[in-house]
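Given next are the chains, with one letter for each unit.
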Amino acid sequence: MIYPLATAEELMGELGKSIMLTRSVRKLSVEDLAKASQPSVEENESVESGQGGDLLTFLRIAQVLHFVDGLMKACQPQASSLDEIDLLDELIELEDMQRLTPSASRALSDH
């Protein structure tokens, strides 16, 4: 499903439904999820109901339910033009170099 026109509140509701369904399929109670992810039962219920919750709570739940790989794939930068593709390639290359040399780290931060 594509959500380009959804509000943040609608997206939170959809994420909450996904969390609740995944938890149910895996036969986890809200209490089980809270114990494994560390937020309180109330925080988990708030996320599942689409009423809110902070990013850290969501990420902890995502780790327990094995959503992290999908989240990381979804959050990868997407280029929409040739110029952006070139810039993205350059930044990725600089980031890779940053892991190897301190001077590349400075070049990346200057970009």
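Residues numbered from 1 in each chain as written. Predicted model: local features only at pLDDT ≥ 70, side-chain atom pairs only at ≥ 80, totals over all residues. Heavy atoms only, no water.

Student: Tell me what's going on with unusual backbone geometry, and back it up with residues and numbers.
Tutor: Look at K27: it is not a glycine, yet its phi comes out positive at around 60°. Topologically, K27 is positioned in the loop between α1 (8-25) and α2 (30-37). Relative accessible area serves as the criterion here: at 73%, K27 is assigned to the exposed category. (Helix = DSSP H or I, 4+ residues; strand = E, 2+ residues; numbered from the N terminus. Buried < 20%, exposed > 50% of the residue type's maximum accessible area, 1.4 Å probe, protein only.)

Student: Please give an account of helix α3 (residues 41-48) that cites residues and values.
Tutor: Helical geometry note: an α-helix holds 3.6 residues per turn, so side chains three or four residues apart project in the same direction. Residues of α3 that are buried: N44, V47 and E48. In an axial view of α3, the angular spread of the buried residues amounts to 100°, which keeps them on one side of the axis. Buried residues along α3 sit in contact with α1, α2 and α4 (55-64). (Arc of directions from axis to C-beta. Contact = heavy atoms within 4.5 Å.)

Student: So what's going on with the nonpolar core? Which residues, and what values?
Tutor: Within the largest apolar cluster, seven residues are counted, these being M12, I19, L33, V47, F58, I61 and L65. Residue contacts for L65: discarding those within four places in its chain leaves I19, T22, R23, R26, L28 and L33. (Core = buried A, V, L, I, M, F, W, Y, C linked by side-chain atoms within 4.5 Å.)

Student: Tell me about the environment of E84, and please be specific about residues and values.
Tutor: One can find E84 in helix α6 (residues 82-98). Exposure remark for E84: the relative accessible area of 36% places this residue in the partly exposed category. The contact partners of E84, leaving out residues within four places of it in the chain, are Q78 and A79.

Student: Give me the side chain of N44: which residues, what numbers.
Tutor: Take N44: it is sitting in helix α3. Ignoring any residue separated from it by four or fewer positions in sequence, one finds N44 in contact with V30, L33, A34, S37, P39, T57 and I61.

Student: Give a description of a negative patch on the surface that names residues and reports values.
Tutor: Together, E31, D32, E42, E43, E45 and D54 give the surface a local cluster of negative charge. Listed by contribution, the elements that provide at least two residues to the negative patch are α2 and α3. For the negative patch, the element with the highest residue contribution is α3, accounting for three residues. Judged by its relative accessible area of 38%, D32 is partly exposed. (Patch = residues over 30% accessible without salt bridge, like charges linked within 9 Å, V, L, I, M, F, W, Y side chains within 5 Å. Areas by Shrake-Rupley, 256 points an atom, 1.4 Å probe, with all protein chains shown as cover. Salt bridge = Lys/Arg side-chain N within 4 Å of Asp/Glu carboxyl O. Lys, Arg positive; Asp, Glu negative; His and termini not counted. Charge placed at Lys NZ, Arg CZ, Asp CG, Glu CD.)

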